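These are the residues of each chain, in order.
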Amino acid sequence: MQLEVWAESAAELRSLQGWLRSDPDVRRTATVGVRGSAPRPGEMGTAVDVLQLVTGNGWSAASFVLAVVAWRQTRPRRPRVEIRRGDTVVVLDGGTSDVVEQVIRALDTAPDEGGGR
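First, a word on scope: everything that follows refers to the structure included in this document. (Residues numbered from 1 in each chain as written. Predicted model: local features only at pLDDT ≥ 70, side-chain atom pairs only at ≥ 80, totals over all residues. Heavy atoms only, no water.)

## Description of the overall build of the protein chain
Across its full length, the protein chain holds 4 helices and 5 strands. In sequence order, the secondary structure elements of the protein chain are arranged as β-α-α-β-β-α-β-β-α. Taken across its 117 residues, the protein chain has 39% of its residues classed as buried. Put simply, 56% of the contacts in the protein chain that link residues at least 6 apart link residues at least 24 apart. (Helix = DSSP H or I, 4+ residues; strand = E, 2+ residues; numbered from the N terminus. Buried < 20%, exposed > 50% of the residue type's maximum accessible area, 1.4 Å probe, protein only. Contact = heavy atoms within 4.5 Å.)

In structure tokens:
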């Protein structure tokens, strides 16, 4: 399974990358890297950075989302984070338990690209 994560700036994205790489649960079940990508719809300009997670068996959406929430809480201004799995896009811009649960549910039930889970 593959996830793509966008943050408000390349610096924030690299900070999140370091945070996720230091999280034992995420590190054990996912490969985390930053790569360039084409601009998203509505954006102008050249490539932007995107954080890419490739996960295997044992991956937990809950562990991943809680790690992102914890990272956001360390930032002076909590950045908006957009997570894409296949055609499913979720935005984490709040930290309430309801928002976190909605994001976890959406990632757990989203089909991967190619129609599988």
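Still more to cover.
## A word on the packing of aromatic side chains
Applying the stated criterion across every chain, the model contains 1 aromatic pair. A centroid spacing of 6.3 Å and a plane angle of 40 degrees characterise the contact between Trp59 and Phe64, whose relative ring orientation is tilted. Taken individually, Trp59 and Phe64 each receive the classification buried, so the pair is uniform in this respect. (Phe/Tyr/Trp six-rings, centres within 6.5 Å; stacked < 30°, edge-to-face > 60°.)

## Re the nonpolar core
As a rule of thumb, soluble globular proteins bury nonpolar side chains together. Core analysis: the biggest nonpolar cluster contains 27 residues, and Leu20, Leu53, Phe64, Ile83 and Leu107 have the highest contact counts within it. When contributions to this core are tallied by element, the ones reaching two or more residues are strand E1 (2-6), helix H1 (10-22), strand E2 (30-37), strand E3 (48-55), helix H3 (61-74), strand E4 (81-85), strand E5 (88-92) and helix H4 (97-109). In contact with Leu20, not counting residues within four places along its chain, are Val26, Arg27, Val32, Leu51, Leu53, Phe64, Ala67 and Val68. (Core = buried A, V, L, I, M, F, W, Y, C linked by side-chain atoms within 4.5 Å.)

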